[in-house]
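Tertiary structure, described
Listed below, chain by chain, are the residues.
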Amino acid sequence: MALRMMKYAMPEQDPKVRAHNFDEVALGYDEETAIAEASRCLTCPNPRCIKGCPVQVDIPGFIAKMKTGDFAEAIKVIKKSNALPAVCGRVCPQEHQCEKYCVMGIKGEPVGIGRLERFAADYDLASENETKPIEYAADASKVAVVGSGPAGLSAAGELARRGYKVTIFEALHKAGGVLSYGIPEFRLPKEKVVQVEIKNLEKLGVKIALDTVVGKLYTIDELIDEEGFGAVFVATGAGLPSFMHIPGENLNGVYSANEFLTRCNLMKAYRFPTYQTPIKAGKVVAVVGGGNVAMDAARTSLRLGAEQVYIVYRRSEKELPARLEEIQHAKAEGIDFKLLVNPVEVIGDDSGNVKRLRCIKMQLGEPDASGRRRPVPIENSEFNIDVDTVIIAIGQGPNPLVQSTTPDMQTNKRGNIMADDSTGKTTKPGVFAGGDIVTGAATVILAMGAGKKAAEAIDKYLKNKKH
Amino acid sequence: MYKILKKVLLSPSVWLYDIEAPRIAKKAEPGQFLIVRTDEEGERIPLTIADFDRQKGYVSIVFQEIGAGTELLGKLNEGDYILDVVAPLGRKTHIEPGMGTVVCIGGGIGVAPIYPIARGMHQAGNKVISIMGAKNKDILILEKEMRAVSDEVLITTDDGSCGIKGFVTTALQQIIDRSEKIDEVIAIGPVVMMRSVVEATRPYKIKTVVSLNPIMVDGTGMCGGCRVQVGDEIKFACVDGPEFDGHLVDFKGLMSRQRMYKDAEKEETNHVCKLSKIKGAI
Ligand SMILES: Cc1cc2nc3c(=O)[nH]c(=O)nc-3n(C[C@H](O)[C@H](O)[C@H](O)COP(=O)(O)OP(=O)(O)OC[C@H]3O[C@@H](n4cnc5c(N)ncnc54)[C@H](O)[C@@H]3O)c2cc1C
Ligand SMILES: Cc1cc2nc3c(=O)[nH]c(=O)nc-3n(C[C@H](O)[C@H](O)[C@H](O)COP(=O)(O)OP(=O)(O)OC[C@H]3O[C@@H](n4cnc5c(N)ncnc54)[C@H](O)[C@@H]3O)c2cc1C
Ligand code: SF4
Ligand code: SF4
Ligand code: FES
C-alpha cells in the first residue's frame with residue numbers, strides 16, 4: 001500500500017454548532033485512525049522530529065508502540081519525558097516544534113504527532129490506572145513550589161518521584177495556572193484532563209496549598225527560614241496584563257483578555273447565574289492581538305453569544321503568533337480578521353460604555369529586533385468599527401509580588417526573574433525559577449521543560465547540602 | 001476551609017464575622033483586605049480586614065448584604081466554614097510615629113475598615129480625630145471601639161438623630177475652621193463620600209488618602225479589572241492600592257466602572273432569592 005501523504009483528519013464538532021457551546025472542538029481520533037496515522041511514521045533511524053520537541057519525547061519510540069495498538073506502552077514512553085501529554089497533545093504549537101521537522105512534511109503533511117500523543121494520553125486517562133502514593137523517607141527534605149501552572153506541576157511531579165515532600169503554593173482557589181484560568185474548556189477540558197492530572201499529582205503525595213499568595217502570606221525567606229523548605233522553585237508565570245495606553249481604555253466594556261478568560265474559565269461566568277460571577281460578552285466584540293490568547297478570547301465571545309467578533313491585529317496573517325489550528329478554527333467559526341490594523345482610541349457613550357473602536361491601517365516596514373517586519377501606521381487611514389466590547393490581548397508581563405519581597409533574587413529590566421537556562425538557579429541560594437516568569441509569555445511545553453530541569457538541579461543542590 | 005468563630009449583627013444587614021485564620025492574622029496589617037468565596041459557585045468577594053488578633057489567630061470582617069454574594073455569606077452561621085479566604089491583599093496603610101494629627105473618616109460601613117487604621121495611628125502615638133458618619137443613629141457601628149482609639153470622635157447623621165446633623169464633610173469643615181492643624185486625612189466609605197472629602201480638603205492642600213473599592217476578580221494583579229486612573233497613570237487597586245492619594249483619583253471613572261454589572265446582578269439577586277425560597281420550602 002502506498003504511503004499516505006496527508007494526515008488523517010481530526011474529527012471535529014461542526015463549526016456552526018460548536019460556536020455556541022463550550023464542549024471540546026477537536027474530538028480525538030478513534031483507535032483505528034490512531035493506528036493508521038501512526039503507520040505513516042517511518043521510524044527514522046535519525047529522527048528529525050525529536051529535535052523540535054523541547055522535552056525530547058521519544059517520538060518514533062512511542063509511535064512504534066501505537067502502530068501495534070499497544071497504547072499502554074506508548075504512554076509509558078511519552079511519560080518518560082513529558083508529564084502532561086494530554087495537555088501538550090492538545091495545545092503544543094506542533095507546527096513550530098516536533099511536526100515542523102518531521103520528514104513526512106517535506107513532500108506531504110508531517111505525521112500528526114500531537115494528535116497521536118493526545119490519543120495515547122486520553123487512552124491512559126480513561127483506563128484509570130491508580131497512581132500509587134510515594135513512600136517518603138522519614139528524613140525526606142521539603143521543597144516549596146510557587147505557582148501551579150505547567151512549570152510548577154512538572155517540577156512538583158519530578159521532585160516527588162525523587163522522594164521530596166513537595167508543597168505547591170497557589171494564589172488562586174484552583175490549581176493549574178493558565179491551564180485552568182486561561183485556556184478555555186473547548187480547547188482543554190478542565191475536569192476531564194487538567195483536574196485529573198492535578199489529582200494524580202496529589203495522589204503521589206504532592207500537597208497543594210490554594211489561596212496562598214507568596215509575597216503576601218509567606219515570603220520566600222519565610223518559606224526557607226521558618227517553614228523548613230530546603231529549596232524553592234518559583235513558577236509564577238506571566239500574569240500581569242498589558243494595556244495599550246490609548247484613550248478610552250477604562251471604559252466599561254474594555255477587558256484585558258486575562259479578566260475576560262478568568263471570569264469565564266475559572267469563575268464559570270458562562271454558567272451565570274448558577275455561578276455568580278457575571279460577564280458582559282456584548283454583541284459586537286473586537287479582540288486586539290493575534291496570539292493564542294486573542295483567539296481564545298474571540299472564540300469565547302462567540303460562545304457567550306456575540307453576533308460579530310473581530311480580531312484586530314497590527315501585522316499580517318503570516319505573523320499571527322497563534323497556533324495554526326486555532327487560527328483555522330477561529331476562521332471556520334466565523335471570526336472576522338482585521339489584519340494590518342491597530343486601535344488608536346476606544347470611544348464611549350455618555351454612560352461610559354464602549355461604542356466604537358477607532359483604528360488606523362498599518363503596513364509592514366523594515367524588520368525589527370525580533371526579525372519580524374515592523375508595522376507602521378499609514379497616515380490618514382483612520383476608521384471606526386462599531387463595537388460594544390473590546391478585549392485587549394496584547395501580552396502579559398511578570399507579576400512583581402514575589403520579586404518585590406525577595407530583594408536578593410535578581411530580575412532583568414522587564415521584571416523577569418534571572419535564572420540559569422539549564423538549572424533554573426537564581427541569584428539567591430536555594431531558590432530556582434522557571435517557566436513564563438523567567439522567559440516571558442511562552443508555551444506550556446517550555447514551562448514544563450523548565451520545571452523538570454529545575455527539579456533535577458534542586459535534587460543535586462539538596463544532595464550536596466546534606467553532605 | 002475557614003471557620004466562623006463569631007457572628008454579630010451590627011446594624012440591619014451589616015454583619016461582623018470573626019474568622020479563624022492564624023497565618024493571615026499573623027501577617028495582616030491595617031489597610032489590607034481579603035477575598036472570600038462562600039461556595040463552589042460563589043463570586044470572589046473582596047472585604048477589608050476590619051480587625052485581626054495575632055494571639056487568638058482570627059481576622060474580622062464587617063460586611064453589608066447588598067447583592068447575591070454578600071447575602072449568601074450572610075446566611076452562614078457560627079461554626080460554619082467559608083470555602084476560601086485569600087489574604088492579606090493590597091498594601092498596608094502608611095503608619096508611623098510623628099505623623100502629627102490624623103483625621104480618620106469612616107462613612108457607613110466604612111467605619112469598619114477605618115477602625116484598625118485609627119488604632120494603628122493611635123498606637124504609633126499620633127493624634128487621632130475620628131469622624132463617623134451614618135444615615136441615622138440606628139445604623140451607626142463600632143462607636144465604642146472607635147472611641148477607645150481616638151483622641152476625639154465626631155459623629156454625623158444625615159437626619160441629626162445623633163451628633164452633628166449633616167455629612168462627614170460638615171464635621172471635617174468644623175475641624176478645619178477651628179484652625180486645628182491637620183497633617184493627614186484618611187477617608188473610607190461610599191465613593192461619593194470619599195469624593196466630597198477630597199473636594200473639601202483640596203483647597204487647603206491637606207494630604208488625603210482614600211481606600212478604593214473597584215470591582216475585583218483575583219486581587220493579585222492578574223486581571224486588570226480593578227484598574228483606576230490615578231493622576232496620569234493606570235493603577236491596579238488590588239496590588240498598587242487599595243489606598244491612593246485622593247487628590248489624584250478619577251472618581252467619575254471609578255463610579256462608572258462599579259456600575260458595569262448592575263443589570264446582570266439585579267437578575268442574579270432575583271435568582272438567588274428564588275433559590276433560597278425553594279431551599280427554604282424543602
Ligand atoms: C489564554 C492563553 C492561551 C494559551 N494557549 C497556549 C497554547 O495553545 N499552547 C501553548 O503552548 N501555550 C499557550 N499559552 C501559554 C502557556 O499557557 C504558558 O506559557 C504557560 O502556562 C506558562 O506556565 P507557567 O507554569 O510558567 O505559568 P502559569 O501557567 O501562568 O502559572 C502560574 C501560576 O502561578 C500562580 N501565581 C502567580 N503569582 C503567585 C504568587 N505570588 N503566589 C502563589 N501563586 C502565584 C498563578 O496564579 C498561576 O496559577 C497560552 C496562554 C494563555 C494566557
Ligand atoms: C478592596 C475592597 C474592600 C472592600 N471592603 C468591604 C467591606 O469591608 N465591607 C463591605 O461590606 N464591602 C466591602 N467591599 C465591597 C464588597 O466587595 C462588595 O459589596 C461585594 O463584592 C458585593 O458583592 P455582592 O455579590 O453581594 O453584590 P453584587 O450583586 O455583586 O453587587 C451589588 C451592587 O454592588 C456593586 N458592587 C459590586 N462589587 C462592588 C465593589 N467591589 N465595590 C462597590 N460596589 C460593588 C454592584 O455594581 C451592584 O450595584 C470592598 C470592596 C473592595 C474592592
Ligand atoms: S510535547 Fe509537544 S512538541 Fe513534544 S512531541 Fe509532544 S506535541 Fe510535540
Ligand atoms: S521524523 Fe516523522 S516520520 Fe520520522 S520518526 Fe519522526 S515522526 Fe516519524
Ligand atoms: S483584581 Fe484583578 S488585577 Fe486587581
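What chain A contains, in helices and strands, is 18 helices and 16 strands. Against the globule reference of 23 Å for 467 residues, chain A gives a C-alpha radius of gyration of 23 Å, in line with a compact fold. C-alpha extents for chain A along the principal axes are approximately 70 × 65 × 50 Å. Within the span of chain A, comprising 467 residues, buried residues form 57% of the whole. Surface exposure of chain A reaches about 19500 Å², of which carbon and sulfur atoms provide 51%. Across chain A, 60 positive and 58 negative side-chain charges occur, with their mean positions spaced 3 Å apart.

Here the focus is the packing of helix α2 (residues 31-38) of chain A against helix α3 (residues 59-67) of chain A. Each pair of packed helices can be described by the angle between their axes along with the distance between the axes. Residue and element names in this part refer to chain A. α3 packs onto α2 with a crossing angle of 130° between their chain directions and a minimal axis gap of 8 Å. Classed by the angle they form, the pair α2 and α3 counts as oblique. α3 is crossed by α2, and the crossing has left-handed handedness. Between α2 and α3, the contacting residues are Ala34, Ile35 and Ala38 on the first element and Ile63, Met66 and Lys67 on the second. Of the residues belonging to the contact of α2 with α3, the class tally is 5 nonpolar, no polar and 1 charged.

So, about the nonpolar core. Soluble globular proteins tend to pack their nonpolar side chains together in the buried interior. Counting residues in each nonpolar core, the largest one holds 71 residues, and the members touching the most others are Ile59, Phe62, Ile63, Met66, Leu116 and Phe233 of chain A. With 61 residues, the next largest nonpolar core counts Ile131, Val185, Met216 and Cys226 of chain B among its residues.

As a further point, take the sheet that holds strand β3 (residues 33-37) of chain B. Note: strands within a sheet are paired through backbone hydrogen bonds, in either parallel or antiparallel orientation. Residue and element names in this part refer to chain B. Here we have 3 strands laid out as an open sheet, ordered β4-β3-β8, and antiparallel in their pairing. Strands with a single pairing partner mark the edges of an open sheet, and in this sheet they are β4 (45-48) and β8 (84-89). Within this sheet the neighbouring strands show an average axis-to-axis angle of 25°, counted without direction. In terms of strand pairing, β3 meets β8 through 4 bridges, oriented antiparallel. Bridging across to β8, Val36 finds its partner in Val85.

Looking now at the site of ligand 3. Surveying the vicinity of ligand 3 reveals the residues Cys53, Pro54, Ile59, Asn82, Cys88, Cys92, Gln94, Gln97, Cys98, Ile113, Glu117 and Ile445 of chain A. When the residues that make up the shell around ligand 3 are grouped by side-chain class, the tally is 8 nonpolar, 3 polar and 1 charged.

All names here are of chain B. According to the domain assignment, chain B contains domain 1 (2-89) and domain 2 (101-259). Look at where the C-alpha atoms of domain 1 and domain 2 centre, and you get two points 21 Å apart. Buried area between domain 1 and domain 2, both sides added, is near 1500 Å², and the carbon and sulfur share of it is 68%. The tally of links from domain 1 across to domain 2 stands at 1 salt bridge. In this structure, Arg119 engages Asp51 in a salt bridge whose closest nitrogen and oxygen atoms are separated by 2.8 Å. Of all the elements in the fold, those that place two or more residues in the side of domain 1 that touches domain 2 are β1 (2-11), β3, β4, β5 (51-53) and β6 (58-64). The element that contributes the greatest number of residues to the side of domain 1 that touches domain 2 is β6, accounting for 3 residues. In terms of residue class, the side of domain 1 that touches domain 2 is made up of 13 nonpolar, 4 polar and 2 charged.

Between chain B and chain A, the contact holds 46 residues from the first and 45 residues from the second. A buried area of about 3800 Å², summed over both sides, lies between chain B and chain A, and 54% of it is on carbon and sulfur atoms. In this structure, the connection of chain B to chain A is made through 5 salt bridges. Its salt-bridge partner being Glu222 of chain A, residue Lys27 of chain B comes within 2.7 Å of it at the nearest N-O pair. Along the contact surface separating chain B from chain A lie 19 residue pairs in polar contact (both at pLDDT 80 or more). Of all the secondary-structure elements, those providing two or more residues to the side of chain B that touches chain A are α1 (22-27), α2 (68-74), β8, β15 (227-230), β16 (233-236), α8 (251-258) and α9 (262-281) of chain B. At 6 residues, the largest contribution of residues to the side of chain B that touches chain A is made by β8 of chain B. Considering only residue class, the side of chain B that touches chain A consists of 20 nonpolar, 11 polar and 15 charged.

Attention shifts here to unusual backbone geometry. Residue Pro273 of chain A is bonded to the preceding Phe272 of chain A through a cis peptide linkage, with omega at 5°. On the secondary structure map, Pro273 of chain A appears in the loop between α13 (257-266) and β7 (284-288).

Residues and elements named next belong to chain A. The interhelical angle for the contact between α3 and helix α8 (residues 113-126), taken along N-to-C directions, is 60°, at an axis separation of 11 Å. With respect to each other, α3 and α8 are oriented oblique. At the point where α3 passes α8, the crossing takes the left-handed sense. Of the residues in α8, those in contact with Ile59, Phe62, Ile63 and Met66 of α3 are Ile113, Leu116, Glu117, Phe119 and Ala120. When its residues are assigned to classes, the contact of α3 with α8 shows 8 nonpolar, no polar and 1 charged.

Another aspect to go through is helix α6 (residues 191-201) of chain B. Of all the residues in α6 of chain B, the buried ones are Val191, Met193, Met194, Val197, Val198, Ala200 and Thr201 of chain B. Buried positions along α6 of chain B lie against β9 (101-107), α5 (168-177), β13 (184-188), β14 (208-211) and α8 of chain B.

For the rest of this paragraph, the subject is the packing of aromatic side chains. All names here are of chain A. Counted under the stated rule, the structure contains 11 aromatic pairs over all chains. For the pair Phe169 and Tyr218, a centre-to-centre distance of 5.7 Å together with 55° between the ring planes defines the contact as tilted. Placement of Phe169 in strand β2 (residues 165-169) and of Tyr218 in the loop between β3 (207-209) and α12 (220-225) is noted, with a sequence separation of 49 residues between them. Summarising the burial analysis for this pair, Phe169 and Tyr218 share the class buried. Clustering of aromatic rings is evident, with ring pairs tying together Phe22, Phe186 and Tyr270.

Right, let's get into a nonpolar patch on the surface. All names here are of chain A. On the surface, a nonpolar cluster with roughly 340 Å² of combined accessible area is contributed by Leu3, Met5, Met6 and Leu42. Position of Met5 relative to the elements: it lies in the segment before α1 (15-18). On the basis of relative accessibility, which here comes to 33%, the residue Met5 falls in the partly exposed class.

Around ligand 4, the surrounding shell consists of Cys41, Leu42, Cys44, Cys49, Pro60, Cys102, Val103, Met104 and Ile113 of chain A. Partitioned by chemical class, the residues of the shell around ligand 4 number 9 nonpolar, no polar and no charged.

Rules of the game
Residues numbered from 1 in each chain as written. Chains lettered and ligands numbered in written order. Predicted model: local features only at pLDDT ≥ 70, side-chain atom pairs only at ≥ 80, totals over all residues. Heavy atoms only, no water. Helix = DSSP H or I, 4+ residues; strand = E, 2+ residues; numbered from the N terminus. Rg over C-alpha atoms; globule rule 2.2 N^0.38 Å. Buried < 20%, exposed > 50% of the residue type's maximum accessible area, 1.4 Å probe, protein only. Areas by Shrake-Rupley, 256 points an atom, 1.4 Å probe, with all protein chains shown as cover. Lys, Arg positive; Asp, Glu negative; His and termini not counted. Charge placed at Lys NZ, Arg CZ, Asp CG, Glu CD. Axes fitted to C-alpha atoms, helices over the stretch in contact; angles between N-to-C directions. Parallel < 35°, antiparallel > 145°, perpendicular 65-115°, else oblique. Left-handed = near helix turned anticlockwise from the far one by under 90°. Contact = heavy atoms within 4.5 Å. Nonpolar A, V, L, I, M, F, W, Y, C, P; charged D, E, K, R; others polar. Core = buried A, V, L, I, M, F, W, Y, C linked by side-chain atoms within 4.5 Å. Pairing = 2+ DSSP bridges. Near = heavy atom within 4 Å. Domains from an automatic or database assignment. Buried area = accessible area lost by both parts, 1.4 Å probe. Salt bridge = Lys/Arg side-chain N within 4 Å of Asp/Glu carboxyl O. Polar contact = N/O pair within 3.5 Å; in protein donor to acceptor, adjacent residues only side chain to side chain. Phe/Tyr/Trp six-rings, centres within 6.5 Å; stacked < 30°, edge-to-face > 60°. Patch = residues over 30% accessible without salt bridge, like charges linked within 9 Å, V, L, I, M, F, W, Y side chains within 5 Å.

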